[in-house]
Amino acid sequence: MRRHTTSTEPPEEAAPLSTAPVPEPTTDPKSIRPKMARTRVDPASPIEDAEFTTGHARHLLWRAGFGGTPEQIQTLAAWGAAKSVDYLLDVDAVPFEGVSTDLFKNDIMRPPTAEERLAQRNAARAQDEESLARYRVMRQQAERSDRLQIREVQEWWLARMIQTPRPLEEKMALFWHGHFATSYRTIENSYHMFRQNQLFRANALGNYGKMLYEIIRDPAMLAYLDNNDSRKGKPNENLARELMELFSLGVGNYTENDIKEGARALTGYTFYDDQFVFRREDHDSGRKNILGRSGTLDGDGFVTAILEKRATSKFMAKKLYRYLVADLPDRDKDMDAETREFVDDIATLLISKRYELKPSLRRIFLSRRFYADSVMGQQIKSPVQLVVGAVRSLRTPVRDLGTLLDAADLMGQSILFPPSVKGWDGGRTWINTSTLFVRQNVLTYLLTGRKPQGRDAGAAIERYNPSVLVTELAEREPGVRTDTDALLRALARFVVGRDSDSLLNPIRAYVAGATSDGASPTDPRILTGVLLLLTASPEYQLN
Amino acid sequence: MSTEHKSPFTRREFMTTSLTFASAALTVPSFLQRSAFAVGQPSGSLSSIAGVDQNRILVVVQLSGGNDGLNTVVPFGFDQYYRMRPGIGVNAAQVLKLSKAEGVGLHPALTGLHELHEDGLLSVVQGVGYPNPNRSHFKSMDIWHTADTSATGDGWLGKYVDSQCCGEGSGESGTQVAKAMEPPIAIGRTAPLALQARKVVPVSFESADLFRWTGQDASASLSKPYDELVERGVTGDVDPSSNAAFLMRTALDARVSSDQIRKAVSAKSLVEYPRTGVARDLSMVASMIRAGLPTRVYYVSMGGFDTHAGQGGAQGSHANLLRQFGDAVRAFYSDLKAQENDARVLTMCFSEFGRRASQNASGGTDHGTAAPMFLAGPMVRPGVIGNHPSLTDLDDGDLKHLLDFRSVYAGVLKDWMQTDPDSVIGKNYRSAVLLKKS
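No experiment lies behind these values; they were computed from the predicted model shown.

1. A short note on the overall build of chain B
A count of helices and strands for chain B gives 11 helices and 14 strands. Buried positions account for 60% of the 438 residues belonging to chain B. Relative to all contacts within chain B whose residues are 6 or more apart in sequence, the contacts with residues 24 or more apart total 71%. Of the roughly 16,500 Å² of accessible surface on chain B, 48% is carried by carbon and sulfur atoms.

Laid out in structure tokens, this is it:
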């Protein structure tokens, strides 16, 4: 099997995923696209640069990020698969503003100082109702401020996903957030949520093992799964259970006894204020036997035992496959042989690279499987993917971040508020008749500023200009300026990823009607109409 | 089988043929014939499943947060009640007495339910719960929704609706002709787990205004092409089991049900409803029933019952919740009676758990176990069904349940929905006799 090696030439272009590089001229990829061979090919074998079409580039940008503009798609198509994937993976080579730890206030929910605690105790003892009431009000004020701050963190993250020139970094941060799902609703500490989010970003494309060692020290996670109350003699099993069931091994690969013993290993792992604290006096330092490994294991020993299990690599390979490639059946035996082989290959790569993620991600993004017809344009976008992807690819105004967050919530995904430690189920569970309307209508909002309840005050100021899409599409296909049908097909391929007649015919009819008075089809009003229709199509929900 | 069957759900077939469809392995689109449901007409002509009266409707009202059963159906005849609840116990003199029931009565704020009881339209099912009760809202709610104490699997009403659809187990190659049951409708931003299963996708909406595409507001000329786009159904170039096909079916569903539902709920109700959320939701359900929608399962939720602190007694925050709930159900049945649809509609009310027998230090109650359920409608056995759970024989401070909630579900499925409950909730639960012998 031919293995792809890292491209040696550094990408000299300035961050093409945020700015506008000059695209290299390309030949029409369709003319060089070979028919997919019907003979059995190794699904993990890499796609050749010569096979890499604009359609493939579009697909890569959606799955390894949040979609791209026509110009970005053309840039990647010209680069070829290997260079494009390397560019997306090498996030550190793309400059972007760092995230400072003091971006948000860290003292809103700080624990009381020793003096404050003493004063409160004294007030309670003296039944000083006035002071006690004052403390209560202070607490409530802090909680209110913190709820405002978590909203700011949500808006900041959404904005970052929209603006980042390193889309894969945020895409993987979102993956880890869904994997190590922690909800503000339970922990009520916005700064801890922010710090956890930063952990996911710093390790987004790093090392899964490292992430696991870090997560048992993460204040938000320790609070969420009650490990801050876990002491020698009365261990709390919550973190130990989810660490194996949801974060690493999966159900069936550990015993109830492993949970009990694992919980002992995690006793004393807690935090004070914003810092992890190991409380030796609360830690059970006795012998334990976890997953076949025995000794006076602590949390790190527990994590090491987990990482040594083949089941962990398989679980993570499947989880990555589901997020980046396609859904999988619940049971392994329902997987077809090729898929099983592919997932096994990724699992082996994870283990052999000691859980470094980039080799596996590279393998996935370059594989023939990733570009198969059964994969391309077949995944249902998450609400965040839908919203961020629409702004990034169509270049709509961002309008109001709060409105976008509300819409994502209505569609079933409120970032930093996952429904449970299982995260979001995703796939078809995103879709029902009401979420489908919200999905269509949030696109109306982005394209026109119109909300269901009425027009946004800023809509007139922030007018969307769709003409830039035509300009970019014309770079590769000058005919779109003169041939209306070529324009509509190019728009459909770009926006929806397909140009079937059943999709296009209603839109052709709309354009014919709208241009019957002599108006140009590239009139912004008509183009916006076309985009409203394309984004309201059922197919638009897929990427 | 010809290749045409690759895509049985074209728009044309939807709009022009009948409820009949082939291929059982697919989620089933709803509201197959939108022209069929003229406002005010009963949907009897659409009766589709042999042996099942299509006209029967089940409305579920969920009280979220854990309703305090002991301050809802008050055991005023038991001194122990007042000993355990010195601050929040409801004075015996204020309790609304239930004829034929000794020592138990309704909270004074439940005048609405009391009127229903006096009219023979209410049954109080005592002491409902399940073994090894779970005190997590989330988990216990899932247990009630799945009818399974592992809290996993499909929703019980979803399974019921699926079981009425498509002929279970006929497989992808199945060519049998089957009839679809309409998807259940939930009022709320998302459909509850109880309605989720494999084949029939539930409909949910918070407000009918949001249940439409807003793009057409930008230009009227977009309406027609939009209709054409979403009414394509599943096009021939798409694998019928793919996500694309699933989306095309759901989009068609949304399009068709949007029209019907918005038209239905825009009609003025026949009676005045209180100005509360739950009353508004039930009035929408009544309007959809009146409009002749063939939907057979509706779901309404009301929150706020997690009364850990300062819940009050005869008055206070819990009393306010009960009043909203009781008055809304009362108005709902007045409306249904005015529509002459009351005999078609059974309403079942539940909460994920009751609360602990004793009040806590904050003048509230913490998460508990067994609690009463209410059934409403002219078909119920009126009065109190079952004894009140003992206030002295407690399980670590909690009431012991006397009736498994799955027996209530089984009774509703068997005697009202006229289906075999075994296929939905298993064989382990004897169905409770909750309805009048017909």
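The rest of the description comes next.
2. A look at the overall build of chain A
Each helix and strand in chain A was counted, giving 24 helices and 6 strands. Looking at chain A residue by residue over its 543 residues, the buried ones come to 57%. Accessible surface, chain A: about 22,600 Å² in total, of which carbon and sulfur atoms supply 49%.

3. A few points about the sheet that holds strand β5 (residues 105-106) of chain B
Residues and elements named next belong to chain B. Pairing is antiparallel across the open sheet formed by 3 strands, whose spatial order is β3-β5-β4. Only two strands of the sheet have a single neighbouring strand rather than two, namely β3 (73-74) and β4 (96-97). Direction of pairing for β4 relative to β5: antiparallel, over a ladder of 2 bridges. Following the sheet pairing, Lys 97 is matched in β5 by Gly 105.

4. Here we look at the packing of aromatic side chains
All names here are of chain A. Under the criterion given, the structure shown has 31 aromatic pairs over all chains. When the ring of Phe 52 is compared with that of Tyr 371, the centres are 5.8 Å apart and the planes differ by 85°; the resulting orientation is edge-to-face. A residue pair is termed long-range when its members are at least 10 positions apart, and Phe 52 in the loop between α1 (29-32) and α2 (54-63) and Tyr 371 in the loop between α17 (358-366) and α18 (383-394) qualify at 319 residues. Accessibility assignment for this pair places Phe 52 and Tyr 371 in one class, buried. Aromatic pair Phe 104 and Trp 156: ring centres 5.8 Å apart, planes at 80°, arrangement edge-to-face. Of this pair, Phe 104 sits in the loop between α4 (81-89) and α5 (114-125) while Trp 156 sits in helix α6 (residues 129-163), and the two are 52 residues apart along the sequence. When its relative accessible area of 9% is taken as the criterion, Phe 104 is described as buried. A residue is classified by how much of its surface remains accessible, and Trp 156, at 16% relative accessible area, is buried. Every member of this aromatic cluster is reached through a ring pair, and the members are Phe 175, Trp 176, Phe 180, Phe 200, Tyr 208, Phe 247, Tyr 323 and Tyr 355. Directly above the aromatic system of Tyr 323 lies the positively charged group of Lys 171, at a separation of 5.7 Å from the ring centroid.

5. A word on the pairing of strand β12 (residues 371-376) of chain B
Residues and elements named next belong to chain B. Within β12, 6 of the 6 residues are buried, leaving the element largely enclosed by the surrounding structure. By the bridge criterion, 5 bridges tie strand β6 (residues 122-129) to β12 in an arrangement that is antiparallel. From the neighbouring strand, Ser 123 faces β12, where its bridge partner is Leu 375.

6. Here's the deal with the interface of chain A and chain B
Contacts between the two partners involve 37 residues from chain A, matched on the other side by 40 residues from chain B. Across the interface of chain A and chain B, roughly 3,400 Å² is buried in total on both sides, 65% from carbon and sulfur atoms. The largest per-residue losses of area from chain A upon contact with chain B belong to Arg 428, Thr 433 and Phe 437 of chain A, which jointly make up 20% of the total buried on that side. With its nearest N and O atoms 2.8 Å apart, the salt bridge here joins Arg 232 of chain B to Glu 539 of chain A. At the junction of chain A with chain B, the criterion picks out 12 residue pairs in polar contact (both at pLDDT 80 or more). Counting residues per element, the side of chain A that touches chain B draws most heavily on helix α20 (residues 433-448) of chain A, at 8 residues.

7. A few points about the pairing of strand β2 (residues 275-278) of chain A
All names here are of chain A. One ladder, built from 4 bridges, connects strand β1 (residues 269-272) with β2; its direction is antiparallel. Pairing of Phe 271 across the sheet is with Phe 276, part of β2. Count of turn residues in the β1/β2 antiparallel hairpin: 2 residues, of which Asp 273 carries a positive phi of about 55°.

8. Regarding the packing of α6 of chain A against helix α19 (residues 401-410) of chain A
All names here are of chain A. Across the interface, α6 lies against α19 with an axial gap of 10 Å and an inter-helix angle of 95°. Judged by the angle between their axes, α6 and α19 are roughly perpendicular. Taken together, the residues of α19 that come into contact with α6 (itself represented by Arg 151, Gln 154, Glu 155, Leu 158, Ala 159 and Ile 162) are Leu 401, Gly 402, Leu 404, Leu 405 and Asp 406. For the contact of α6 with α19, the class distribution of residues is 6 nonpolar, 2 polar and 3 charged.

9. Re the confidence of the model for chain B
Residues and elements named next belong to chain B. For chain B, per-residue confidence averages 84 on the pLDDT scale, and 84% of positions sit at 70 or higher. The model gives residues 1-52 a pLDDT under 50, and that stretch makes 133 contacts with residues more than four places away or in other chains. Scored below 50 in pLDDT, residues 167-178 shows 24 contacts in the model against residues more than four places distant or in partner chains.

10. Thoughts on the pattern of salt bridges
Between side chains of opposite charge, a pair can form as their charged atoms come close. Residues and elements named next belong to chain B. With the rule as written, the count across this model stands at 51 salt bridges over all chains. We note a salt bridge from Glu 231 to Arg 255, for which the minimum N-O separation is 3.5 Å. Taken together, the positions of Glu 231 in the loop between α6 (223-230) and α7 (243-266) and Arg 255 in helix α7 put the pair 24 residues apart, joining distant regions of the chain. Of the two residues, Glu 231 and Arg 255, both sit in the buried class.

11. Examining the side chain of Arg 344 of chain B
Mapping Arg 344 of chain B onto the fold places it in the loop between α9 (317-339) and β11 (345-351). A distance of 2.8 Å separates polar atoms of two side chains, one belonging to Arg 344 of chain B and the other to Asn 341 of chain B.

12. Examining unusual backbone geometry
Residues and elements named next belong to chain A. A positive phi angle is found at Tyr 355, which is not glycine, with a value near 65°. Take Tyr 355: it is sitting in the loop between α16 (337-352) and α17. In the Ramachandran plot, Arg 395 falls in the positive-phi region, its phi being about 55° despite a non-glycine side chain.

13. Quick look at the environment of Phe 247 of chain A
Residues and elements named next belong to chain A. Summarising the element assignment, Phe 247 is placed in the loop between α12 (238-245) and α13 (256-265). Between the C-alpha atoms of Phe 247 and His 179, which are 68 residues apart in sequence, the distance is 6.6 Å. Setting aside its immediate chain neighbours within four residues, Phe 247 contacts His 179, Phe 180, Ala 181, Tyr 208, Leu 212, Met 221, Leu 225, Glu 242, Phe 315, Met 316 and Val 421.

14. Details of helix α7 (residues 167-179) of chain A
Taking 1.5 Å per residue, 13 residues should reach 18 Å; α7 of chain A reaches 18 Å between its end C-alpha atoms and fits that length. In terms of burial, α7 of chain A is a largely internal element, 13 of the 13 residues being buried.

15. A word on the confidence of the model for chain A
All names here are of chain A. Per-chain confidence: chain A averages 91 in pLDDT, with 91% of residues scoring 70 or above. For residues 1-14, every residue scores under 50 in pLDDT, and the model assigns this stretch 22 contacts once sequence neighbours within four places are set aside. Residue range residues 19-38 is modelled with pLDDT below 50. Its contacts to residues more than four positions away, or to other chains, number 26 contacts.

16. A look at the packing of helix α22 (residues 484-495) of chain A against helix α24 (residues 524-536) of chain A
Residues and elements named next belong to chain A. It is the contact of α22 with α24, at a shortest axis distance of 11 Å, that shows an interaxial angle of 45°. Here α22 lies oblique to α24, going by the angle between them. Here α22 and α24 pass one another in a crossing that is right-handed. The residues of α24 that touch α22, namely those facing Leu 487, Leu 488, Leu 491, Ala 492 and Val 495, are Leu 527, Val 530, Leu 531, Leu 534 and Thr 535. Class assignment for the residues of the contact of α22 with α24 results in 9 nonpolar, 1 polar and no charged.

17. Quick look at the environment of Lys 451 of chain A
All names here are of chain A. Locating Lys 451 in the fold gives a position in strand β5 (residues 450-451). By relative accessible area, Lys 451 is classed as partly exposed at 27%. Linking Lys 451 and Asn 441, residues 10 residues apart in sequence, is a C-alpha distance of 7.6 Å. Among the polar contacts listed, one links the side chain of Lys 451 to the side chain of Thr 403, at a separation of 3.5 Å.

About the thresholds
- Residues numbered from 1 in each chain as written.
- Chains lettered and ligands numbered in written order.
- Predicted model: local features only at pLDDT ≥ 70, side-chain atom pairs only at ≥ 80, totals over all residues.
- Heavy atoms only, no water.
- Helix = DSSP H or I, 4+ residues; strand = E, 2+ residues; numbered from the N terminus.
- Buried < 20%, exposed > 50% of the residue type's maximum accessible area, 1.4 Å probe, protein only.
- Contact = heavy atoms within 4.5 Å.
- Areas by Shrake-Rupley, 256 points an atom, 1.4 Å probe, with all protein chains shown as cover.
- Pairing = 2+ DSSP bridges.
- Phe/Tyr/Trp six-rings, centres within 6.5 Å; stacked < 30°, edge-to-face > 60°.
- Lys NZ or Arg CZ within 6 Å of the ring centre and 35° of its normal.
- Buried area = accessible area lost by both parts, 1.4 Å probe.
- Salt bridge = Lys/Arg side-chain N within 4 Å of Asp/Glu carboxyl O.
- Polar contact = N/O pair within 3.5 Å; in protein donor to acceptor, adjacent residues only side chain to side chain.
- Axes fitted to C-alpha atoms, helices over the stretch in contact; angles between N-to-C directions.
- Parallel < 35°, antiparallel > 145°, perpendicular 65-115°, else oblique.
- Nonpolar A, V, L, I, M, F, W, Y, C, P; charged D, E, K, R; others polar.
- pLDDT = per-residue confidence, 0-100.
- Expected span 1.5 Å × (residues − 1).
- Left-handed = near helix turned anticlockwise from the far one by under 90°.

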